[in-house]
Amino acid sequence: MVGRRRLGRQFGWLWAAYAVSAYGSGLGFGAFPLIAVLALHAGPTEVSALSAVGPAVGALIAVPLAPWVEFRRKRPVMIAMDLTRFGAMATIPVAYAFGWLSFVQLLVISAVVAAAKIAFNAASGAYLKALIRPDDLLVANARFESTNWSSIAVGPPLGGAAIGLFGPVTTVVADALSYLLSALGITAIRGQEEAPRTTEKSPVRAGALLDGWRHLMGHPGLRALYLNNMLVGGLIMATEPLLAVLLLRQLGFPPWQYGLAFAAPCVGGLIGSRLARRVVARYGQHAVFRTVGTLRAIWLIGLVFVRPGVVGLVTVMVVELAIIINMSLFTPVLATYRLEHTPKHLVARTLSAWSIGQQASIAILTALAGLLADVTSPRTALTAAGLLILTTPLLLPRPDQTAQHEPELATSR
């Protein structure tokens, strides 16, 4: 039996910081839609707008941040983004306690948190690539993916129970504190980080804002994966507010069952992420992209058949389990391929461009799904999302696209 791969103490601190933040977010999973429904009595359009407008504005804010992140040391950027999220999230329980909480405040905080998340992820991806050997990237990404899904498996049931006992903003407090603890963990990483080098007088130039997209769209494999992932991720996330309204309001599920419906299937995330390295070693990256990328798209239509009671709960769990197993296998392979095929001087901008596109897709598709649900019903909107996602395998890369570019070719400086 092969021993567990050791990636060093510095990675250990980075992983620990990621874990505490992920578990805090797991506790706060779906917190904004829940607060909107339970505390502000929002309807389908408002809940969908909350899930769409905030991330969309956050993505716009993140555009000029990309080159700013690229040409700075990454650890201070990560710490600053964690503290920004802590400060923004901490205003929610304060406003709620004094009766000041409003829908507009939730929108603003959602935008700030979304922008900070994009900048943090861009910095952490660039830092990870510099921190560990190329051969260890898939192992590291699989560990992050496993941690992410385990946090969602544990967090939502506990969060749902906490909301039932202590009120709708309880999990927001835990989420805010997790960002503070994450910042402390990143601060504990020792070692001198090399300052990025640039010969440009003004790194934050107009052209630099688009360099990440130029790289993505100029690389056939990354371009296909980028477009596919935007549509798949956007459609899956667009169902979250629809399900919140359908399960909590129309079908009468209590908050703890709503949390359980999404938490229990997350054990599939542990399965998929742990299989990633072995599956790639046996079948190769392209087979994962084509086969698993197709399998993750065929299950969403099952949410249309959700009914009240135990049968409905089981239906959601089965659909989510199938999606999560395939997503958790696909994602670390994709993350590794993306880092392998991006030169060091473009990592932060490429990851920012990727995240901005993903957030924009989620925002647009969530808004459209919310409007459709308002005009028709949440179930009709779920049907539309489930049918549309069946077309996404057509966007997956062909073998010649993923093989055409070798990692770190002449674009490296």
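Small disclaimer: the values here were computed from a predicted structure and weren't measured.

> Just to check I follow, could you spell out the environment of Pro156 for this structure?
Its location among the elements puts Pro156 in helix H6 (residues 137-166). According to the relative accessible area criterion, Pro156 is buried, its value standing at 4%. Between the C-alpha atoms of Pro156 and Leu27, which are 129 residues apart in sequence, the distance is 5.2 Å. Ignoring any residue separated from it by four or fewer positions in sequence, one finds Pro156 in contact with Gly26, Phe29, Ser151, Gly259 and Ala263.

> For this particular structure, what's the right way to read the pattern of salt bridges?
Two side chains of opposite charge can pair, provided their charged atoms sit close to one another. Inspection of the entire model under this criterion finds five salt bridges. The closest approach of N and O atoms between Glu70 and Arg349, which form a salt bridge, is 3.1 Å. Pair noted here: Glu70 is in helix H3 (residues 44-70) and Arg349 is in helix H14 (residues 347-375), with a separation of 279 residues, a long-range link. By the burial criterion, Glu70 is buried, and Arg349 matches it. The partner of Arg133 in a salt bridge is Asp136, with the nearest N and O atoms 3.2 Å apart. Counted as one network, the salt bridges with shared partners bring together Glu70, Asp211, Arg214 and Arg349.

> Just to check I follow, could you spell out the packing of aromatic side chains for this structure?
Centre distance and the angle of the planes are the two values used to describe a pair of aromatic rings. Taken as a whole, this structure holds seven aromatic pairs when the rule is applied. Centroid distance Phe11 to Trp15: 5.9 Å. Interplanar angle 35°. Geometry classified as tilted. Residue Phe11 and its partner Trp15 are located together in helix H1 (residues 9-27), separated by four residues, close to a single helical turn. On the accessibility criterion, Phe11 (2% relative accessible area) is buried.

> Sorry if this is basic, but what is going on with the side chain of Asp82 here?
Turning to its location among the elements, Asp82 is positioned in helix H4 (residues 74-97). When its relative accessible area of 0% is taken as the criterion, Asp82 is described as buried. With residues up to four places along the chain from it excluded, the contact list for Asp82 reads Phe120, Tyr179, Ser182, Ala183 and Ile186.

> Is there a simple way to think about the environment of Pro76 in this case?
Tracing the sequence through the fold places Pro76 in helix H4. Residue Pro76 is classed as partly exposed on the basis of its relative accessible area of 47%.

> Teacher, can you tell me more about the side chain of Ser178 here?
Note on placement: Ser178 falls in helix H7 (residues 170-187). Judged by its relative accessible area of 3%, Ser178 is buried. With residues up to four places along the chain from it excluded, the contact list for Ser178 reads Val20, Ser21, Gly24 and Ser25.

> Explain the packing of helix H9 (residues 220-250) against helix H10 (residues 255-263) to me, please; I cannot follow it from the model alone.
Axes are the key here: two packed helices are described by the angle between their axes and the distance separating the axes. Between H9 and H10, the least distance of the axes is 10 Å, while the angle of their chain directions is 140°. On the basis of their axis angle, the class for H9 and H10 is oblique. Relative to H10, H9 is oriented so that their crossing is right-handed. Taken together, the residues of H10 that come into contact with H9 (itself represented by Glu240, Leu243, Ala244, Leu247 and Leu248) are Pro255, Tyr258 and Phe262.

> Which parts of the structure should I look at to understand a nonpolar patch on the surface?
On the surface, Leu295, Ile298, Trp299, Leu387 and Leu390 cluster together into a nonpolar patch covering about 430 Å² of accessible area. Relative to the assigned elements, Leu390 resides in the loop between helix H15 (378-388) and helix H16 (399-403).

> What exactly am I supposed to notice about the environment of Ala153 here?
In this fold, Ala153 is placed in helix H6. Between the C-alpha atom of Ala153 and that of Ala140, which follows or precedes it by 13 residues, the distance is 20 Å. Those residues in contact with Ala153, other than ones at most four positions away along the chain, are Ala263, Cys266 and Val267.

> What's the story with H9 in this structure? I'm lost.
Helical periodicity: at 3.6 residues per turn, an α-helix aligns residues three or four positions apart in one direction. Relative to the 45 Å expected for 31 residues at 1.5 Å per residue, H9 spans 44 Å between its end C-alpha atoms, a close match to the ideal helical length. Maximal helix bending in H9 amounts to about 30°, located at Leu242. Among the 31 residues that make up H9, 25 are buried, leaving the element largely enclosed by the rest of the structure.

> Even after reading the chapter, I still don't get the nonpolar core, so can you show me in this structure?
Here is a general trend for soluble globular proteins: nonpolar side chains tend to be buried in one another's company. Counting residues in each nonpolar core, the largest one holds 39 residues, and the members touching the most others are Leu243, Leu247, Tyr258, Leu303 and Ile389. Where this core is concerned, the elements lending two or more residues are H6, H9, H10, helix H13 (309-340), H14 and H15. No other element matches the 10 residues that H9 contributes to this core. With sequence-adjacent residues up to four places away left out, Ile389 is seen in contact with Val232, Leu235, Ile236, Ala297 and Leu300.

> What exactly am I supposed to notice about H4 here?
In a regular helix each residue adds 1.5 Å, so 24 residues correspond to 34 Å; H4 covers 36 Å between its end C-alpha atoms and thus fits that length. Taken from the residues just after H4, Gly99 is the one with a positive phi, measuring 75°.

The rules behind each value
- Numbers given for residues are sequential positions, taken from 1 along each chain in its written order.
- Reporting of local features is limited, given that this is a predicted model, to residues whose pLDDT is at least 70; pairs of side-chain atoms are given and counted only at 80 or more, and all residues count toward the totals for whole chains, interfaces and linings.
- In computing side-chain values, all of the structure's heavy atoms are included and hydrogens and water are not.
- In this text, helices come from DSSP runs of H or I with a minimum length of four residues, and strands from runs of E with a minimum of two, each type numbered from the N-terminal end.
- Whether a residue is buried, partly exposed or exposed follows from its accessible area with a 1.4 Å probe, protein chains only, as a fraction of its type maximum: under 20%, in between, or over 50%, in that order.
- Should any heavy atoms of two residues lie within 4.5 Å, those residues are counted as being in contact.
- By convention in these notes, a salt bridge is any Lys or Arg side-chain nitrogen within 4 Å of a carboxyl oxygen on Asp or Glu.
- Pairing of aromatic side chains requires ring centres within 6.5 Å, counting the rings of Phe and Tyr and the six-membered ring of Trp. Pairs whose planes differ by under 30 degrees are stacked, by over 60 edge-to-face, and all others tilted.
- Note on method: axes are straight lines fitted to C-alpha atoms, helices fitted across the in-contact stretch only, with angles between N-to-C directions ranging 0 to 180 degrees.
- Angular relationships are summarised with four words: roughly parallel below 35 degrees, roughly antiparallel beyond 145, roughly perpendicular across 65 to 115, and oblique for the angles in between.
- Crossing handedness follows the turn of the near helix against the far one: under a right angle anticlockwise gives a left-handed crossing, and clockwise gives a right-handed one.
- Residues forming no salt bridge and having over 30% relative accessible area are the ones grouped into patches, like charges within 9 Å of each other and nonpolar side chains (Val, Leu, Ile, Met, Phe, Trp, Tyr) within 5 Å.
- For accessible areas, the Shrake-Rupley method is used with a probe of radius 1.4 Å. Any residue's cover is judged against the shown protein chains and nothing else.
- Under the convention used throughout, the expected extent of a helix is 1.5 Å for every residue step, that is, one less than its residue count.
- To obtain the bend at a residue, axes are fitted to the seven residues ending there and to the seven starting there, and the angle between these axes is taken.
- Note on terminology: a nonpolar core comprises buried Ala, Val, Leu, Ile, Met, Phe, Trp, Tyr and Cys residues joined through side-chain atoms within 4.5 Å.

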